Amino acid sequence: MKLNLKDYERFEKQIILKKIGLAGQKKIKNAKVLIIGMGGLGCPLLTYLASSGICNIGIVDDDKIELSNLNRQILFNSSDLGKYKVIQAKSKIKKIYNKIKIKTYRTKIKPQNIKSIFKSYDIICDGTDNFETRYLVNDFCKSSRKILISAAISKFDGHLFKFNFKKKKVPCFRCFMPELPSTDYNCEAEGIFSPVAGIIGTLQANEVLKSILNLKDDLSDNILIFNSLNMSLRKVKIIKNIECVNKC
């Protein structure tokens with residue numbers, strides 16, 4: 001897909017950046033990104049990816065919008081209650097950038113559908129709230145050599161991971177967490193400070209765009225840990241586990 005004059009006018013503030021330029025904006029426009037989960041992370045993530053000019057995005061979620069979602073899921077409002085998240089998110093985003101192609105998947109990611117859903121996308125963004133799905137997504141991205149950018153939020157904290165499985169012999173999520181925790185650490189169980197969702201979802205979008213542009217100093221093989229109470233950011237290296245089931 002080529003850039004036209006309107007594209008140039010819309011994205012000129014990005015194009016004038018030396019690290020992006022016209023060539024970089026074309027890469028952004030042609031990128032294919034899948035977002036799993038249209039919750040507190042998925043809403044700001046989708047908004048910034050679309051606003052930056054990505055024209056091919058898939059969104060996966062089988063939930064309907066509830067009143068308790070509205071404190072952090074910024075694409076939705078009271079008129080959306082009871083409606084499917086992916087349908088409403090697509091409708092809102094098309095008003096931001098009508099050239100965007102959004103494919104909706106009103107389902108959960110399962111072993112039976114993961115291959116058919118993932119095959120059209122180069123970068124996978126995981127914002128799910130359970131570890132079973134995180135392991136499934138991690139393992140498939142590892143075996144199919146896709147880029148995985150994963151985020152999680154709980155209470156006042158957020159975590160952001162990037163695994164570039166296009167490269168060989170890199171650690172995976174199972175290296176970081178080899179065994180399924182006895183408790184799910186998520187918003188439903190522990191609560192969430194709403195700005196954390198926006199901050200981590202935006203950082204996730206930042207990492208997606210850096211990956212598309214192949215910028216240096218990305219988060220590959222690291223975890224970024226954010227605490228909103230003391231406003232701290234830490235980057236921690238993930239070490240390959242020689243006993244990992246994925247043989248990292």
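Above this text you will find the structure in question.
Model, not experiment: these values are computed from the prediction.

About the criteria used
- Residues numbered from 1 in each chain as written.
- Predicted model: local features only at pLDDT ≥ 70, side-chain atom pairs only at ≥ 80, totals over all residues.
- Heavy atoms only, no water.
- Pairing = 2+ DSSP bridges.
- Helix = DSSP H or I, 4+ residues; strand = E, 2+ residues; numbered from the N terminus.
- Phe/Tyr/Trp six-rings, centres within 6.5 Å; stacked < 30°, edge-to-face > 60°.
- Buried < 20%, exposed > 50% of the residue type's maximum accessible area, 1.4 Å probe, protein only.
- Lys NZ or Arg CZ within 6 Å of the ring centre and 35° of its normal.
- Patch = residues over 30% accessible without salt bridge, like charges linked within 9 Å, V, L, I, M, F, W, Y side chains within 5 Å.
- Areas by Shrake-Rupley, 256 points an atom, 1.4 Å probe, with all protein chains shown as cover.
- Salt bridge = Lys/Arg side-chain N within 4 Å of Asp/Glu carboxyl O.
- Lys, Arg positive; Asp, Glu negative; His and termini not counted.
- Charge placed at Lys NZ, Arg CZ, Asp CG, Glu CD.
- Arc of directions from axis to C-beta.
- Contact = heavy atoms within 4.5 Å.
- 1 Å grid on protein atoms, 1.4 Å probe; cavity = no way out; pocket = protein on both sides within 12 Å on 5 of 7 lines; lining within 4 Å.
- Points joined across faces, edges and corners; volume = space filled by probe spheres on them.
- Right-handed = clockwise from strand over helix to strand, strands pointing away.

### Description of the pairing of strand S3 (residues 101-105)
And then number 1: In the sheet, strand S2 (residues 56-60) pairs with S3 via 5 bridges, with the strands oriented parallel. When the sheet's bridge partners are listed, Asn56 is paired in S3 with Lys101.

### Let's talk about the packing of aromatic side chains
And then number 1: Under the criterion given, the structure shown has 10 aromatic pairs.
And then number 2: A ring pair is formed by Tyr105 and Tyr121, whose centres lie 6.5 Å apart and whose planes are at 80 degrees; its orientation type is edge-to-face. Placement of the pair is Tyr105 in strand S3 and Tyr121 in the loop between helix H5 (114-118) and strand S4 (123-126), with a sequence separation of 16 residues. Tyr121 shares its class with Tyr105; the two are buried.
And then number 3: Both rings, one in Phe173 and one in Phe176, keep their centres 6.1 Å apart while their planes meet at 45 degrees; by these two values the pair is tilted. Of this pair, Phe173 and Phe176 both sit in helix H7 (residues 173-176), 3 residues apart, which is roughly one turn of that helix.
And then number 4: Aromatic ring contacts, followed pair by pair, group Tyr135, Phe161, Phe163, Phe165, Phe173 and Phe176 into a single cluster.
And then number 5: The ring of Tyr84 carries Arg106 above its face, with NZ or CZ at 4.1 Å from the centroid.

### Brief notes about the environment of Asn206
And then number 1: Inspection of the secondary structure puts Asn206 in helix H9 (residues 194-213).
And then number 2: What makes Asn206 partly exposed here is its relative accessible area of 40%.

### Observations concerning a positive patch on the surface
And then number 1: A surface patch of like charges, here positive, comprises Arg145, Lys166, Lys168, Lys169 and Lys240.
And then number 2: Counting through the fold element by element, Lys166 comes out in the loop between strand S6 (157-164) and H7.
And then number 3: Taking the relative accessible area as the measure of exposure, Lys166 reaches 45% and is therefore partly exposed.

### Brief notes about helix H2 (residues 21-30)
And then number 1: Inspection of H2 places Gly21, Gly24, Gln25, Ile28 and Lys29 among the buried residues, and these make up the whole buried set. In a view along the axis of H2, the buried residues occupy a sector of 140 degrees, so they form one face of it.
And then number 2: Contact partners of the buried residues in H2: helix H1 (5-15), helix H3 (42-52), S2 and H9.

### Quick look at the layout of surface pockets
And then number 1: Estimated volume of the second largest pocket: approximately 220 Å³.
And then number 2: What lines the second largest pocket is a set of 13 residues, and nearest its centre among them are Ser52, Ala205, Asn206, Leu209 and Lys210.
And then number 3: When residues of the lining of the second largest pocket are traced back to their parent elements, those giving at least two are H3 and H9.
And then number 4: The element that contributes the greatest number of residues to the lining of the second largest pocket is H9, accounting for 7 residues.

### Brief notes about the pairing of S2
And then number 1: Extensive coverage of S2 is indicated by the burial of 5 of its 5 residues.
And then number 2: Relative to S2, strand S1 (residues 32-36) runs parallel, the two sharing 5 bridges. Note on S2: the bridge partner recorded for Ile35 is Ile59.
And then number 3: Of the crossover connections in this fold, the one passing from S1 over H3 to the parallel S2 is right-handed.
And then number 4: Considered for its hand, the β-α-β crossover made up of S2, helix H4 (residues 85-96) and S3 is right-handed.

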